[in-house]
Amino acid sequence: MIAMRSPVGTCAVLAFALLLTSCGRSGEDSGTPRGTRGDADAKVTRALDTARAVSRRLVAASGGVISAVTSEGTSISVVFPEASLDKDIALVLTPLSAAPAGDTAVVVPGFSIEESGTGRSPLLKSPVLVTMVLAGSVRPHASIVRYHDTDGGYDVMPTTVRTTAGVSTLRATVSHFTTFGGRVLPPEDRATVAGGDEFRDYNWVIYINDHADVINGPMKSVVYLDLRAVNASGDIDGTFEGTATSRTTNEMTAGGGSMSAPFVSTFGRILFVMASSVAAGADAPRFNRHGKPIEPAPPQFNRHGKPIPPETDQVPEWRGEGSLSVTSRGTGTVTAGGQSASTSLGTQATLPYEVEIVGASVSLIVTMPQGKLIFNGHIQGERKRP
């Protein structure tokens, strides 16, 4: 139920019924070895901090988040969008107490993620997001890297690095798992960050198929919105384009009579630009009174297995905005004293909106003169068709 603040009154209710119908840097994981350092005959050792390991079962159809906190207080999270996993799976995310192969240029020692009880990495059908959040500023040329299982080398994951209010966030997109960490790149590896074509094979797609129940005095309205928007760059940062449809039911009973006014809305071009932001409020490491890091709260799911949208005080990891050009048409029917009368109704409006992403959850907030409507959805990576 979306509560909407608006004036109550017959004229306002009728106007509101019409207006309702108007609603309607991660990086790329190239899969190509980059920045390989070390001896091909070296044995990679992983200093697993099993005391800080976190286990979580995820449903492939709905996705989810698994997070842990390292002994240094760094928050590590992996966001699995809907349908990114190959199957329903129990995962174990284990922080490392030291970087693999004696790497000394570390920013974050890293983590390993495996299927519980098997020691195998989970298989992915589409990209997932890896985020590391730590207190303070990171050294220049820091990046998330993927350590090799068989030697002392690593692959550079093109990484967004931001520092705001004393909190640094490193974020990358990956397509398969091994051991990941954060390190400072030497000069010879810095040019490799921008390369790679694999993620250009993917689109990031926002889906919203939601409704808002609105009660305003005697008027009861339900606004249904179906929206799909695509960023074809292989990154979440950037331009999303798409389409949307909306329908609204408006029902009112008062004074012995009733009114029904269903509407269908068409939209102009859906276009908005998403930009990364630092989720300091949501992701920043937190500590208890003993100086020990507080483990992040597990994600919550509704009875259908869908992720519950984040609380409104969480800081979005991406933000965007735009405006909806909406044309709505419908028929209003008034029934009283056994008599009915109908008339065609229509309205046009331009409504501003915001798009916010936290993890794989998306919120579209449409601003109207009487208040705001919020529609929830998700984002996922999809391989482009040949």
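Everything below is about the structure printed above this text.
First things first, this report covers the structure right here in the doc.

Reading guide: rules and limits
- Residues numbered from 1 in each chain as written.
- Predicted model: local features only at pLDDT ≥ 70, side-chain atom pairs only at ≥ 80, totals over all residues.
- Heavy atoms only, no water.
- Helix = DSSP H or I, 4+ residues; strand = E, 2+ residues; numbered from the N terminus.
- Buried < 20%, exposed > 50% of the residue type's maximum accessible area, 1.4 Å probe, protein only.
- Phe/Tyr/Trp six-rings, centres within 6.5 Å; stacked < 30°, edge-to-face > 60°.
- Lys NZ or Arg CZ within 6 Å of the ring centre and 35° of its normal.
- Core = buried A, V, L, I, M, F, W, Y, C linked by side-chain atoms within 4.5 Å.
- Contact = heavy atoms within 4.5 Å.
- Polar contact = N/O pair within 3.5 Å; in protein donor to acceptor, adjacent residues only side chain to side chain.
- Pairing = 2+ DSSP bridges.
- Axes fitted to C-alpha atoms, helices over the stretch in contact; angles between N-to-C directions.

1. Quick notes on unusual backbone geometry
A negative phi angle is the norm for most residues apart from glycine, just as the trans form is the norm for most peptide bonds. The phi angle at Ala83 is positive, at roughly 65 degrees, despite the residue not being glycine. Relative to the helices and strands, Ala83 resides in the loop between β4 (75-80) and β5 (89-98). Taking the relative accessible area as the measure of exposure, Ala83 reaches 34% and is therefore partly exposed. One non-glycine residue with positive phi stands out, namely His141, at about 65 degrees.

2. Here we look at the packing of aromatic side chains
Throughout the structure, instances matching the rule amount to 5 aromatic pairs. Ring geometry for Phe177 against Phe180: centres 6.1 Å apart, planes inclined by 85 degrees, an arrangement best described as edge-to-face. As far as burial versus exposure is concerned, Phe177 and Phe180 are alike and both buried. Both rings, one in Phe272 and one in Tyr353, keep their centres 6.1 Å apart while their planes meet at 90 degrees; by these two values the pair is edge-to-face. Note that Phe272 is positioned in strand β18 (residues 270-276) and Tyr353 in strand β20 (residues 339-358), a separation of 81 residues in sequence. Considered together, Phe272 and Tyr353 belong to a single accessibility category, that of buried residues. Through successive ring pairs, a cluster of aromatic residues spans Phe80, Phe111, Phe177 and Phe180. One residue, Arg247, lies across the ring of Tyr224, its end atom 3.9 Å from the ring centre.

3. What about the nonpolar core?
One finds Ile206, Phe240, Phe272, Leu364 and Phe375 to be the most contacted residues of the largest nonpolar core, which totals 34 residues. Taken together, the elements giving at least two residues each to this core come down to β13 (202-216), β14 (219-231), β15 (238-254), β18, β19 (318-336), β20, β21 (361-368) and β22 (371-383). Not counting residues up to four positions away in its chain, the partners in contact with Phe240 are Trp204, Ile206, Ala229, Val230, Asn231, Ile270, Leu271, Phe272, Met274 and Ile379. Within the second largest apolar cluster, 31 residues are counted, among which are Ala60, Leu85, Val128 and Phe180.

4. Observations regarding the environment of Ser71
The residue Ser71 is located in the loop between β3 (64-69) and β4 in this model. Between the C-alpha atom of Ser71 and that of Asp49, which follows or precedes it by 22 residues, the distance is 8.4 Å. Apart from residues lying up to four places away in sequence, Ser71 is in contact with Asp49 and Arg52.

5. Section: the side chain of Ser143
Along the chain, Ser143 falls in strand β8 (residues 142-147). Judged by relative accessible area, Ser143 falls into the buried class, the value being 2%. Of note is the side chain of Ser143, whose polar atom sits 3.2 Å from the side chain of Thr159. Beyond its immediate chain neighbours, meaning those up to four positions away, Ser143 contacts Val156, Met157, Thr159, Leu170, Gly181, Gly182, Arg183 and Leu185.

6. A few points about the sheet that holds β3
Pairing within the open sheet is antiparallel, and its 5 strands lie in the order β3-β4-β7-β11-β10. For this open sheet the edge positions go to β3 and β10 (160-164), each flanked by a neighbour on one side alone. Averaged over all adjacent pairs, the angle separating strand axes in this sheet is 15 degrees, with direction ignored. Sheet topology places β3 next to β4; 6 bridges connect them, and they run antiparallel. For Val65, the partnering residue across the bridge sits in β4 and is Val79.

The analysis is restricted to geometry; functional conclusions fall outside its scope.
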